[in-house]
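# Summary of the model geometry
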Amino acid sequence: MSIDKDKIKHTAKLARISLDEKKIDNLSKDLSNIFKFIEKLNKVNTDNIKPLSSILDSSLRTREDNVTDGNKRDEILKNAPNKNEDFFIVPKVIE
Amino acid sequence: MTDLTKNSLNENVNLIRQKKIKSEELTLAFVENIKKGKKLNSFITECNDAAIASAKNFDKKPNFDGLLPGIPIAVKDLFCTNAVKTTAASKMLENFVPTYESTVTGNLWSEGAFLLGKLNCDEYAMGSSNETSFFGNVINPIKENTVPGGSSGGSASALAADLTPATIGTDTGGSIRQPASFTGTVGLKPTYGLCSRWGIVAFASSLDQAGPMTKTVSDCALMLEAMVGFDPKDSTSINKKKENYSKNLSQNIKGLKIGIPKEYRVDGMPKEIDDLWEKGKKFLKEEGAEIIDISLPHTEYALPTYYIVAPAEASSNLARYDGVKYGYRSSKGANLIEMYEHTRSEAFGDEVKRRILIGTYVLSSGYYDAYYLKAQKVRQLIKNDFDSAFNNVDAILTPSTPSATFKIGEKKDDPISMYLNDIFTVPTNLAGIPAMSVPAGYDKNNLPLGLQLIGKPLGEQTLLNIAYVIESKSNLKQNISKWWEK
């Protein structure tokens with residue numbers, strides 16, 4: 001399937017990546033080739049095959065609901081590009 | 001005086017244990033090589049001073065209890081290291097300094113090792129030539145202007161050039177084994193869940209595994225033993241007793257059944273690789289193993305499956321890089337959404353963007369069943385192929401890669417020809433089973449080639465033992481001229 005420029009723009013919007021017009025052309029070409037390659041899978045009969053999402057046989061472990069960690073405010077904020085006391089700062093979201 | 005940096009890891013561990021050398025002496029020797037090795041661009045962050053200080057501390061009060069007493073080790077820059085910058089070779093994390101340590105690196109330090117530096121790799125481990133790094137491509141010490149493979153290219157380059165005595169990488173589709181093969185070193189991808197993923201920058205969570213990269217097979221056994229272990233912080237960590245891979249390393253492979261899958265003989269593969277494969281079979285037969293022809297019928301679908309599953313998981317994992325909590329933030333954008341879009345556009349490289357877009361597309365409404373669900377079903381068939389093969393064989397022997405290393409820039413503009421590098425390594429990640437690459441010969445241009453061994457779940461010891469036979473019978477003398485020091 002060819003991935004045209006509109007599909008690239010829509011997908012980039014979903015992925016929150018802004019793209020230059022001139023990059024979109026290249027991406028459209030690359031992704032069309034890649035999808036042609038992965039569409040080989042359509043040849044495989046997968047009737048009655050269960051999708052594999054994890055190679056581990058058992059389901060994920062659970063643990064007791066105990067507090068094992070905490071009081072890490074400073075560590076959590078340490079790498080923030082913009083912060084103020086106890087908060088991450090982001091561009092204004094409420095008008 | 002002998003050059004300590006040319007020794008195997010085991011030799012240096014023994015010298016330290018026997019008090020014949022000090023950790024400081026060893027560390028200084030590697031630091032010297034690192035300073036002379038800048039042309040290779042294998043390091044993103046050097047920890048020379050901190051490593052020398054750690055070595056002095058060790059010498060003051062030596063403790064020989066661990067597996068790696070007083071050994072400096074540089075690691076792929078995908079492992080979070082406490083208070084040491086961890087970049088994943090991306091502009092996004094250029095200035096990220098973790099406040100915690102990954103479980104696997106923490107395990108190495110508990111065994112007596114300490115950090116020598118952080119090694120270059122493909123950006124977020126997405127690449128097969130180490131050309132996608134924000135910090136520039138890495139050079140293969142084997143030959144000027146050739147790639148070291150990827151994504152653990154800095155690890156392979158630093159190891160082959162004697163800049164670190166051993167190292168660790170991560171392998172999502174071949175990122176340990178392909179660079180090992182390209183640089184004439186040993187690399188092992190363990191069973192999914194054997195090494196904790198906690199504190200490793202995530203690429204594709206159902207495929208990622210950390211593993212050792214070393215000069216010899218017995219070094220590989222030692223490093224693996226130091227890395228593994230159950231970790232409650234990784235929900236997919238396997239809870240089992242640690243094995244003593246070093247002690248149980250043996251060349252006795254008598255009676256083992258080795259499968260040769262016909263689907264791994266691909267069109268256009270150089271004759272030397274076919275010859276090498278034959279040589280490998282001969283070696284194992286001579287030691288009493290039985291060679292059995294097998295079929296893994298869905299092999300040709302592994303790469304297309306991988307290029308749906310891995311980008312899908314990557315697009316989800318990389319959604320966290322939003323310029324808010326850590327990492328790069330763009331100064332552009334009038335509102336929050338625009339800030340996200342500019343941040344991710346400015347700080348992710350082309351290959352990462354490409355994969356995020358593939359992943360977002362295959363997961364998007366209307367396409368999920370056709371791509372993602374289909375790929376998960378084919379993934380099951382690929383796993384079934386291995387399951388039935390292992391009813392009849394103990395391990396599988398294949399080439400590691402369809403070619404030797406290639407020139408920098410040669411495949412950069414053609415994503416598919418780059419992806420084909422991983423044609424022999426990807427199936428094992430999809431099936432979650434262990435595999436390793438061991439050097440076995442050279443192509444006609446004298447470039448190293450590796451053979452791959454694939455094992456049953458938790459069959460690492462069998463792989464190490466078979467690789468030990470191949471290593472000993474190939475008896476290669478790696479002789480790299482240190483052209484980069486001139």
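Quantities reported herein were computed from a predicted structural model and do not represent experimental measurements. (Residues numbered from 1 in each chain as written. Chains lettered and ligands numbered in written order. Predicted model: local features only at pLDDT ≥ 70, side-chain atom pairs only at ≥ 80, totals over all residues. Heavy atoms only, no water.)

The predicted coordinates ought not to be read in detail in places where the model reports low pLDDT. Taken over all residues, the pLDDT of chain B has a mean of 96, while the share at 70 or more is 100%. Two numbers describe this predicted complex: its pTM, 0.97, and its ipTM, 0.95. (pLDDT = per-residue confidence, 0-100.)

Taken together, the contact pairs 65 residues of chain B with 50 residues of chain A. Across the chain B/chain A interface, buried area totals approximately 5200 Å², and carbon plus sulfur atoms make up 69% of it. The largest share of the area that chain B buries against chain A comes from B:Glu341, B:Leu357 and B:Tyr361, three residues that together contribute 13% of it. Inspection of the chain B/chain A interface yields 4 salt bridges. With a closest N to O distance of 3.4 Å, A:Lys40 and B:Glu300 form a salt bridge. (Contact = heavy atoms within 4.5 Å. Buried area = accessible area lost by both parts, 1.4 Å probe. Salt bridge = Lys/Arg side-chain N within 4 Å of Asp/Glu carboxyl O.)

Moving on, we get to the sheet that holds strand β1 (residues 43–46) of chain B. Residue and element names in this part refer to chain B. Taken in spatial order, the 3 strands line up as β1-β3-β2 in an open sheet, and their pairing is mixed. The open sheet has two free edges, formed respectively by β1 and β2 (72–76), since each of these has just one partner strand. The sheet shows a mean angle of 35° between the axes of neighbouring strands, direction not considered. Here β2 pairs with strand β3 (residues 114–119) via 5 bridges, running parallel. Of the residues in β3, the one forming a bridge with Pro-72 is Phe-114. (Pairing = 2+ DSSP bridges. Helix = DSSP H or I, 4+ residues; strand = E, 2+ residues; numbered from the N terminus. Axes fitted to C-alpha atoms, helices over the stretch in contact; angles between N-to-C directions.)

Next up on the list: helix α3 (residues 48–60) of chain B. Between its first and last C-alpha, α3(B) extends 18 Å over 13 residues, near the 18 Å set by a 1.5 Å rise per residue. Turning to α3(B), the residues buried within the fold contact α1 (9–17), α2 (23–36), β1 and β3 of chain B. (Expected span 1.5 Å × (residues − 1).)

So, about the packing of aromatic side chains. Residue and element names in this part refer to chain B. Within this structure, the stated rule accounts for 20 aromatic pairs over all chains. Here the aromatic rings of Phe-96 and Tyr-326 are separated by 5.3 Å at their centres, their planes lie at 40°, and the arrangement is tilted. Of this pair, Phe-96 sits in the loop between β2 and α4 (103–110) while Tyr-326 sits in the loop between α9 (302–317) and α10 (336–347), and the two are 230 residues apart along the sequence. By relative accessible area, Tyr-326 is classed as partly exposed at 22%. In textbook terms, an aromatic cluster arises when at least three aromatic residues are bridged by ring pairs, as seen for Phe-96, Tyr-124, Tyr-321, Tyr-326 and Phe-348. (Phe/Tyr/Trp six-rings, centres within 6.5 Å; stacked < 30°, edge-to-face > 60°. Buried < 20%, exposed > 50% of the residue type's maximum accessible area, 1.4 Å probe, protein only.)

Glancing now at the packing of α9(B) against helix α11 (residues 350–363) of chain B. Residues and elements named next belong to chain B. Across the interface, α9 lies against α11 with an axial gap of 7 Å and an inter-helix angle of 100°. Here α11 runs roughly perpendicular to α9, going by the angle between their axes. Contact residues: α9 offers Tyr-307, Ile-308, Pro-311, Ala-312 and Ser-315, while α11 offers Arg-355, Ile-356, Ile-358, Gly-359, Thr-360, Val-362 and Leu-363. Residue composition of the contact of α9 with α11, grouped by class: 8 nonpolar, 3 polar and 1 charged. (Parallel < 35°, antiparallel > 145°, perpendicular 65-115°, else oblique. Nonpolar A, V, L, I, M, F, W, Y, C, P; charged D, E, K, R; others polar.)

Turning our eyes to something else, we now look at the side chain of B:Glu460. All names here are of chain B. Position of Glu-460 among the secondary structure elements: in helix α15 (residues 460–474). Nearest to the buried, unbridged Glu-460 among oppositely charged side chains is Lys-240, at 6.3 Å. Setting aside residues up to four positions removed in sequence, Glu-460 forms contacts with Leu-188, Pro-190, Thr-191, Leu-194, Leu-224, Tyr-245 and Pro-434. (Lys, Arg positive; Asp, Glu negative; His and termini not counted.)

Another point: the sheet that holds strand β7 (residues 257–261) of chain B. Residues and elements named next belong to chain B. As summarised here, the arrangement of the 8 strands in space is β4-β6-β5-β10-β11-β9-β7-β8, forming an open sheet in which the pairing is mixed. Among the strands making up the open sheet, the edge pair consists of β4 (167–171) and β8 (290–294). For this sheet, the mean inter-axis angle between neighbouring strands, taken without regard to orientation, is 30°. Of the strand pairs in this sheet, β7 and β8 are connected by 5 bridges, and their pairing is parallel.

Here we take up the side chain of B:Asn429. Residue and element names in this part refer to chain B. Its location among the elements puts Asn-429 in helix α14 (residues 426–431). The class of Asn-429 is buried, set by a relative accessible area of 1%. At 2.6 Å, the side chain of Asn-429 and the side chain of Arg-177 are in polar contact. Sequence-distant contacts of Asn-429, that is, excluding residues within four places in its chain, are made with Asp-171, Thr-172, Gly-173, Gly-174, Arg-177, Lys-189, Ser-206, Leu-207 and Arg-379. (Polar contact = N/O pair within 3.5 Å; in protein donor to acceptor, adjacent residues only side chain to side chain.)

What follows concerns the pattern of salt bridges. Going through the model one piece at a time under the given rule, you end up with 32 salt bridges over all chains. In this structure, A:Asp74 and A:Arg73 form a salt bridge, with 3.2 Å as the shortest nitrogen-oxygen distance. A relative accessible area of 54% means that A:Asp74 is categorised as exposed. Measuring nitrogen to oxygen at the nearest pair gives 3.1 Å for the salt bridge that ties B:Glu243 to B:Lys240. The class of B:Glu243 is partly exposed, set by a relative accessible area of 26%. A relative accessible area of 26% means that B:Lys240 is categorised as partly exposed.

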